[in-house]
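# Close look at the chain arrangement
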Amino acid sequence: MNTSTSSNTQNWPAVRRTLEMILPLADTFAFMFYNRFFEYEPAARSLFKADMSTQRKKVINLLAFALRGLDRPYLIEKELRRLGRHHAQYQISRQQYEHLNEAIIWAFGETLGSNFNEESRQAWHHALNAITTIMLAAAAETKAMPAI
Ligand code: HEM
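If you're wondering where the values come from, they're calculated on a predicted model, not measured in any experiment.

## Points about the overall build of the protein
A count of helical and extended segments in the protein gives 6 helices and 0 strands. Counting helices and strands in the order they occur from the N terminus, the protein gives α-α-α-α-α-α. In the protein, 87% of the contacts between residues at least 6 apart in sequence involve partners at least 24 apart.

## A closer look at unusual backbone geometry
Positive phi values are uncommon outside glycine, yet Gln91 reaches one of about 50 degrees. Mapped onto the elements, Gln91 comes out in the loop between helix H4 (73-87) and helix H5 (94-112).

## Some thoughts on the site of the ligand
In the vicinity of the ligand, 18 residues are found, and the nearest of them are Ala44, Leu47, Lys49, Lys58 and Leu100. Taken together, the elements giving at least two residues each to the shell around the ligand come down to helix H3 (53-69), H4, H5 and helix H6 (118-144). Among the elements that line the shell around the ligand, the one with the most residues is H3, at 4 residues. Of the residues belonging to the shell around the ligand, the class tally is 12 nonpolar, 4 polar and 2 charged.

## Quick word on the packing of helix H1 (residues 12-22) against H3
Between H1 and H3, the least distance of the axes is 10 Å, while the angle of their chain directions is 140 degrees. With respect to their mutual orientation, H1 and H3 come out oblique. Helix-helix and strand crossings are classified by hand; for H1 and H3 the assignment is left-handed. Contacts between H1 and H3 involve Arg16, Leu19, Glu20 and Ile22 on the former and, on the latter, Leu63, Ala66 and Leu67. A breakdown of the residues in the contact of H1 with H3 according to their chemical character gives 5 nonpolar, no polar and 2 charged.

## Considering the nonpolar core
Generally speaking, a soluble globular protein has its nonpolar side chains buried in company with each other. Among the nonpolar cores identified, the biggest contains 22 residues, and Phe33, Ala103, Ile104, Ala107, Phe108 and Ile131 are the most heavily contacted of them. Among the secondary structure elements, those contributing two or more residues to this core are helix H2 (26-40), H4, H5 and H6. It is H6 that contributes the most residues to this core, 8 residues altogether. For Ile104, the residues in contact, after removing those within four places along its chain, are Phe33 and Leu128.

## Focus: the packing of H2 against H5
Two elements in contact, H2 and H5, have axes whose closest approach is 8 Å; the angle formed by their N-to-C orientations is 140 degrees. Between H2 and H5, the angle falls in the class oblique. When the axes of H2 and H5 are compared, the crossing they make is right-handed. Only His99, Leu100, Ala103, Ile104, Trp106, Ala107, Glu110 and Thr111 of H5 make contact with H2, whose side of the interface consists of Thr28, Phe29, Met32, Phe33, Arg36, Phe37 and Tyr40. For the contact of H2 with H5, the class distribution of residues is 10 nonpolar, 3 polar and 2 charged.

Calculation criteria
- Here the residue numbering is sequential within each chain, running from 1 through the sequence in written order.
- Totals for whole chains, interfaces and linings use every residue, but because this is a predicted model, local features are given only for residues with pLDDT of at least 70 and side-chain atom pairs only at 80 or more, for both listing and counting.
- A run of DSSP states H or I qualifies as a helix once it reaches four residues; a run of E qualifies as a strand once it reaches two. Both are numbered from the N-terminal end.
- We call two residues in contact when their backbone-placed C-beta atoms lie within 7 Å.
- Being near a molecule or strand means, for a residue, that its backbone-placed C-beta atom lies within 6 Å of it.
- All residues other than Ala, Val, Leu, Ile, Met, Phe, Trp, Tyr, Cys, Pro, Asp, Glu, Lys and Arg, Gly among them, are scored as polar; the first ten of these are nonpolar and the last four charged.
- Whenever a helix is involved, its axis is fitted only over the stretch in contact; in every case the axis is a line through C-alpha atoms, and angles between N-to-C directions fall within 0 to 180 degrees.
- Each angle is binned into one of four classes, with values under 35 degrees roughly parallel, values over 145 roughly antiparallel, values of 65 to 115 roughly perpendicular, and all other values oblique.
- We call a crossing left-handed when the near helix sits turned anticlockwise from the far one by less than a right angle, and right-handed when that turn is clockwise.
- The term nonpolar core refers to a set of buried Ala, Val, Leu, Ile, Met, Phe, Trp, Tyr and Cys residues connected through C-beta atoms within 7 Å.
- With C-beta atoms placed from the backbone, a residue counts as buried when 20 or more other C-beta atoms lie within 10 Å of its own, as exposed when 12 or fewer do, and as partly exposed for counts between those limits.

See below:
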């Protein structure tokens, strides 16, 4: 992983605790953060299919994959780079990523209550910033590639 996502700067134990608690509630969690995100970014709704249940399943799988892979962060980074390239087609701005991150942190708080404490909040703020940086960088590389 690059320095922004290295084990030195990320609070992996706090990230792991949150993931363990959220997985049994993941469908509700995903429902809440997407609704919140579409309040911030109404125009983004039309990019998604009308039925969001498949999308929620994909996100839940990603959360489970992240939990399994926390001790192998290079695997997570590889998957995030793949996702970033996939997202390039939607021309997503940093502002939109930040709104999604804000919605995710809000939904953690709503779903987990006092179990999502200030330490968890900081840990996720940091992790989501790193995720955004990786995905945007991968998307930018896709755009920089010559058409073949
Ligand atoms: C933390 C950042 C994000 C993560 C981890 C993430 C994750 C994902 C995943 C796992 C998928 C499914 C990909 C697949 O089919 O293989 C997906 C699809 C998608 N994402 Fe994201 N995403 C992020 C940010 C965003 C943002 C900010 C937008 C803004 C509009 C967005 C728009 C989309 C769209 C339009 C799809 C396709 C939906 C469909 O096929 O109906 N994503 N995302």
